[in-house]
Amino acid sequence: QVQLVESGGGLVQPGGSLRLSCAASGFIKDYYAIGWFRQAPGKEREGVSCISGSDGSTYYADSVKGRFTISRDSAKNTVYLQMNSLKPEDTAVYYCAMGERTVQSMCIIGPPGGGLWGQGTMVTVSS
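Residues numbered from 1 in each chain as written. Predicted model: local features only at pLDDT ≥ 70, side-chain atom pairs only at ≥ 80, totals over all residues. Heavy atoms only, no water.

Novice: What is the right way to look at the pattern of salt bridges in this model?
Specialist: Any two side chains of opposite charge can pair, given that their charged atoms come close. Applying the stated criterion across every chain, the model contains 4 salt bridges. Among the salt bridges present, the one from arginine 38 reaches glutamate 46, with a minimum N-O distance of 2.9 Å. Given the relative accessible area of 28%, glutamate 46 is considered partly exposed. We note a salt bridge from arginine 67 to aspartate 90, for which the minimum N-O separation is 2.8 Å. Taken together, the residues arginine 67 in the loop between β6 (58-60) and β7 (68-73) and aspartate 90 in the loop between β8 (78-83) and β9 (92-99) connect sequence positions 23 residues apart. Exposure remark for aspartate 90: the relative accessible area of 1% places this residue in the buried category. Several salt bridges share partner residues, and in doing so they unite Arg38, Glu46, Arg67 and Asp90 into one network. (Salt bridge = Lys/Arg side-chain N within 4 Å of Asp/Glu carboxyl O. Buried < 20%, exposed > 50% of the residue type's maximum accessible area, 1.4 Å probe, protein only. Helix = DSSP H or I, 4+ residues; strand = E, 2+ residues; numbered from the N terminus.)

What follows is the structure, given as structure tokens:
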């Protein structure tokens, strides 16, 4: 049984940085994509950034381009989201998901029914 566990959230001032981690355990299919999503109170879920399991290609939402970077460490079965120049509007619960999707479909649609979601980690950007 595959599990995803997010970590690294917390309280940070505007302009600060955080690095989120998504650690996977169990049997992992190398070709599965990993995506970072967020949801703020009163707003719909938003795909933030996704990375391909086949060739490492990436996708970023327009709101985070140039500020966030997604990467993966295959040896540790972990995907990271480096968040720089954080803004108050980045405040949300961030969570990761795994599924058989292209990076664009992963972030726009989400994982298929056979995909997996983590529990999420809270990011608060405030002075």
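Novice: Explain the sheet that holds strand β3 (residues 18-25) to me, please; I cannot follow it from the model alone.
Specialist: Within a beta sheet, neighbouring strands are joined by backbone hydrogen bonds and run either parallel or antiparallel to one another. With respect to topology, 4 strands assemble into an open sheet ordered β1-β3-β8-β7, the strand pairing being antiparallel. Edge positions in the sheet fall to β1 (3-7) and β7, since each of these pairs with one other strand and no more. Taken pair by pair, the neighbouring strands of this sheet meet at an average axis angle of 15°, ignoring direction. With 5 bridges joining them, β1 and β3 adopt antiparallel strand pairing. (Pairing = 2+ DSSP bridges. Axes fitted to C-alpha atoms, helices over the stretch in contact; angles between N-to-C directions.)

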